[in-house]
Amino acid sequence: MEHVSKTYSLQNGPFEAVRDVSLRIPQGTIHGIIGPSGAGKSTLLRMMNALELPDQGKVTVLGRELTALPETTRREVLRSIGMIFQQFHLLNNRTVSGNVSVPLELVGTPKRERAERVRECLRFVGLEDKAGQYPASLSGGQKQRVAIARALASRPDILLCDEPTSSLDPKTTAEILEVLLHIHRTLGVTIVIVTHEMDVVRSICQGVSVMEEGRITDAFTLQRNDTEAGTAGLAGYRVSYRDQLLGGTEV
Amino acid sequence: MDFFLLMWEGFVQYRSQIGEAIGETFVMVGIALLAAVLLGLPAGTALYLTGKGQLYDHPLRYGLLNGAVNVIRSFPFLLLVVFMIPLTRLIVGTAIGTLAASIPLAVVAIAIYARFVEQSLLEVPRGVLESARSMGASKLQIITKFLYVEARSGLVLGLTSSTISFISYSTVMGVVGGGGVGDFAIRYGYQRFETELMAVVILLMIVLVQGIQFIGNALSRWLDKR
C-alpha cells in the first residue's frame, strides 16, 4: 500500500480514517495491525480487498494494482483473498456446508468437486460433523471456524481477518488462533489480522504495525522462538505497544 | 340457528354462482400474484438497491420508483380502477370483465409487493453483503445468492400479506364487471336483501384468509433457519 488515504464524510464533518499510510506486508507472513478503536485499522484492511477504495494512493495485492483494475478483473483477484469478520457474516439460511460451498458456486465449480472441497475445508477446521447443521445451532467459535473454512474454499493466497476473535472468549480465541497458525504453516497463506487485542498479536504475528489516529505510528517484527500463547492479558494503554509486545513490561 | 340454516340453504341454492364467483376471484388474485412475483419482486429489489448507501445508490432513480409506488398506493382502489380504464382497454382490448379487472389489481399488486420486498431486503444484515463482496461476487450473485437467501422468509410473509390484500381489493371489481365473490355478495346479498348470502361469502372469505395466512406462516417458518 502506498500513500493511501481515506476520508469519510460524516454528519459532523469529514473524518480522516486513514492518513497517508504506506505499508508493505511480505508474502507468507502473519502480520498484525493493532491499535485502539477508531484508529483506522479496519478501513486499512478493507482497502486490501477493495471493500473500501482509497481516496488517494494505491493498493497492490499479489502483484496486481487493485486500485487501477476495472471491477470485473478486481473481482477475480478477490477470489485469491479470503476474509473473515468479527461477526462471522455467515448465511444463516444455509447449512454449514452450504456456506462453505458459496465461494465455489460463485465461480461455477462443478457440484462433485464442490462437495469434495467443502469436506476438505470442514475437515481442516475440524467441523466435518456439523456439515448439515445451520449456523444458528453453532457456538461463536464454531461459526468463526465455518467462516474460515468458507474463506479457504477458493484456495486463497491471503487471508484477511477483521477482529476475528473480538467477540469470542479467551479459550475460543486461542482455538481460532491455533487454526490460523495451522493454515499459515500448512498452506503458506499470508495472514493479515486487525485487532485491538494484544494477546492475538503476541501469540501469532510476525510483523506488527501499530495504528493510531489513521497513521501507522510504529512497526516492528516479533522474534518468536516459541509459539507460546500470550496469557498476560491486556495491559494499560499507557505503555507503548512496542514495549508490551517486545517483552519488557509483562503485566 | 335459523339463520345458519338459511345460509346453508342459500349456499346450496346458489352454489354454481358462488363457485363461478370464487373462480373469478381466483383468476383476478392469481394474475395479481403473478404480477407481484414477476414484476413486484424486481421492482422492490430495485427500490432496495438504489436506496441510500446501497449497491446501486441512485437518488433520482430511487425517488422516481419510490414516488411511483407511493402514488399507486395512495389511490383509493376503486378510483384507480376507473382511472385506469383507458390503459386497461389498451392492454386487454376491453375495460369490462374479469380479465380487464385484473389489470388495475396487478398494478396495485406490483406496488404493494415491491414495498414488502424492499422492507425484507433492508433487514438483511449489511455484513452479509460485505462477505459477498469480499468473495468477489458479482452484483447479480449478491442479489440471488445472498440477499434473497437471507430474506426469503420475509419475502414469503410479504407475499402472504399481499395476497390477502389482493383478495380484499378484488371484491370491488363489480364496478367493471369483474365479478368475484365480493360482487356476488353485493348483488345477491345486499341488493336483493338476501343477507344470508352475504354472510356465506364473508364466512368463505374468512376461511380463505385464515388458510392463506396459515400456509404463508408455515412456509416462512420452514424457510427461516436463522
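Just so you know, these numbers come straight off a predicted model, no measurement behind them.

(A) Region of interest: the nonpolar core. By size, the foremost hydrophobic cluster in this structure holds 53 residues, and its most contacted members are Phe 77, Tyr 113, Phe 146, Leu 147, Phe 166, Met 173 and Phe 184 of chain B. Among the elements of the structure, helix 3 (96-106) of chain A together with helix 2 (15-50), helix 4 (77-83), helix 6 (98-122), helix 7 (126-134), helix 8 (139-170), helix 9 (181-190) and helix 10 (195-223) of chain B are those that each provide at least two residues to this core. For Phe 166 of chain B, the residues in contact, after removing those within four places along its chain, are Val 29, Ala 32, Leu 33, Ala 36, Leu 105, Ala 109 and Ile 112 of chain B.

(B) Representation of helix 6 of chain B in the model. Between its first and last C-alpha atoms helix 6 of chain B spans 36 Å; for 25 residues at 1.5 Å apiece the expected length is 36 Å, and the two agree. Most of helix 6 of chain B is tucked away: 19 of the 25 residues are buried.

(C) Quick look at the interface of chain A and chain B. With 24 residues of chain A at the contact, the number on the chain B side is 21 residues. Carbon and sulfur atoms make up 55% of the area that chain A and chain B hide from each other, which totals about 2100 Å². By the criterion of area lost to chain B, the three top residues of chain A are Leu 91, Asn 93 and Leu 106 of chain A, representing 32% of everything that side buries. The interface formed by chain A and chain B contains three salt bridges. Between chain A and chain B we count ten residue pairs in polar contact (both at pLDDT 80 or more) in total. At the level of elements, helix 2 (71-78), strand 7 (81-84) and helix 3 of chain A are the ones that each hand at least two residues to the side of chain A that touches chain B. Among the elements that make up the side of chain A that touches chain B, the one with the highest residue count is helix 3 of chain A (four residues). Of the residues contributing to the side of chain A that touches chain B, the split by class is 13 nonpolar, four polar and seven charged.

(D) Local environment of the sheet that holds strand 3 (residues 30-34) of chain A. All names here are of chain A. A sheet is described by the order of its strands in space; here six strands give the open sequence 7-8-9-3-10-11, paired in mixed fashion. Here the strands that pair on one side only, and so sit at the sheet edges, are strand 7 and strand 11 (215-221). For this sheet, the mean angle separating the axes of adjacent strands, direction not counted, is 15°. In terms of strand pairing, strand 7 meets strand 8 (residues 158-162) through four bridges, oriented parallel. Bridging from a neighbouring strand, Ile 81 pairs with Ile 158 of strand 8.

Rules behind the numbers
- Residues numbered from 1 in each chain as written.
- Chains lettered and ligands numbered in written order.
- Predicted model: local features only at pLDDT ≥ 70, side-chain atom pairs only at ≥ 80, totals over all residues.
- Heavy atoms only, no water.
- Core = buried A, V, L, I, M, F, W, Y, C linked by side-chain atoms within 4.5 Å.
- Buried < 20%, exposed > 50% of the residue type's maximum accessible area, 1.4 Å probe, protein only.
- Helix = DSSP H or I, 4+ residues; strand = E, 2+ residues; numbered from the N terminus.
- Contact = heavy atoms within 4.5 Å.
- Expected span 1.5 Å × (residues − 1).
- Buried area = accessible area lost by both parts, 1.4 Å probe.
- Salt bridge = Lys/Arg side-chain N within 4 Å of Asp/Glu carboxyl O.
- Polar contact = N/O pair within 3.5 Å; in protein donor to acceptor, adjacent residues only side chain to side chain.
- Nonpolar A, V, L, I, M, F, W, Y, C, P; charged D, E, K, R; others polar.
- Pairing = 2+ DSSP bridges.
- Axes fitted to C-alpha atoms, helices over the stretch in contact; angles between N-to-C directions.

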